[in-house]
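Observations on the three-dimensional arrangement
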Amino acid sequence: MKKKIARKEDPIRVNVKLIAGADKQASFDTLLVAPGVIDVIQTFPDETDEELANLYLLNVKSSKIKPALRQIRAIPEVEYVEEAVPRKLIR
C-alpha cells in the first residue's frame, strides 16, 4: 500500500489596493477571510501617503486563487486586485 505524501502548496502572491478613505481594519478583516488567504501584509505600514498606505500583499493558497480573487474583487473598498508578477534576481 502506497502512502500519499502531502505536498505543501506554494502560495500565490496577490497585490491589493484599497480605495481612498476605506476603513483599513474592516477591509483587512474582510481580506483575511477570503478563501485560501494565508496572510495579509500592508506593503508600507509606516507610510503616511494614503495611496501607498492602501497597498497590501496577500499570500493565497494556489488551489484557492480563483475563488479568492472573485471574492476580493467583489469587496467595494478594493480598487484593484491582481496576482503579483513573480520576480527573481538575475546576477
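Relevant structure appears above.
Residues numbered from 1 in each chain as written. Predicted model: local features only at pLDDT ≥ 70, side-chain atom pairs only at ≥ 80, totals over all residues. Heavy atoms only, no water.

1. Description of the nonpolar core
In plain terms, the rule: We define the nonpolar core as a collection of buried residues of types Ala, Val, Leu, Ile, Met, Phe, Trp, Tyr and Cys that are connected through side-chain atoms lying within 4.5 Å of one another. Only protein chains enter the area calculation, which uses a 1.4 Å probe; residues under 20% of their type maximum are buried, those over 50% are exposed, and those in between are partly exposed. Secondary structure is summarised from DSSP: a helix means a run of H or I of at least four residues, a strand means a run of E of at least two, and numbering begins at the N terminus for each. Contacts are residue-level and defined by heavy atoms, with any inter-residue pair within 4.5 Å sufficient.
Of all hydrophobic cores here, the largest spans 18 residues; its most connected members are Val14, Val16, Leu31, Leu58, Ile72 and Val78. Secondary-structure elements contributing two or more residues to this core are strand S1 (12–18), strand S2 (37–42), strand S3 (55–60), helix H3 (65–73) and strand S4 (78–83). No other element matches the four residues that H3 contributes to this core. Each residue touching Leu58, except ones within four places of it in the same chain, is listed here: Ile12, Arg13, Val14, Val16, Leu31, Val37, Asp39, Val40 and Ile72.

2. Some details on the sheet that holds S1
We count it as follows: Any two strands with at least two DSSP bridges between them are considered paired. Every angle, taken between N-to-C directions, lies between 0 and 180 degrees, and every axis is a line fitted to C-alpha atoms, over only the stretch in contact when it is a helix.
Sheet architecture is open: four strands sit in the order S2-S3-S1-S4, paired in antiparallel fashion. Strand pairing shows two members of the sheet lacking a second neighbour, S2 and S4, which therefore form its edges. Taken over all neighbouring pairs, the strand axes of this sheet differ in orientation by 20° on average, direction set aside. Bridge count between S2 and S3: five bridges; the pairing is antiparallel. Residue pairing across strands places Val40 opposite Leu58, the latter belonging to S3. Strands in contact with helix H1 (residues 24–32) are S1, S2, S3 and S4; relative to S2, the strand with the most contacts, it is inclined by about 155°.

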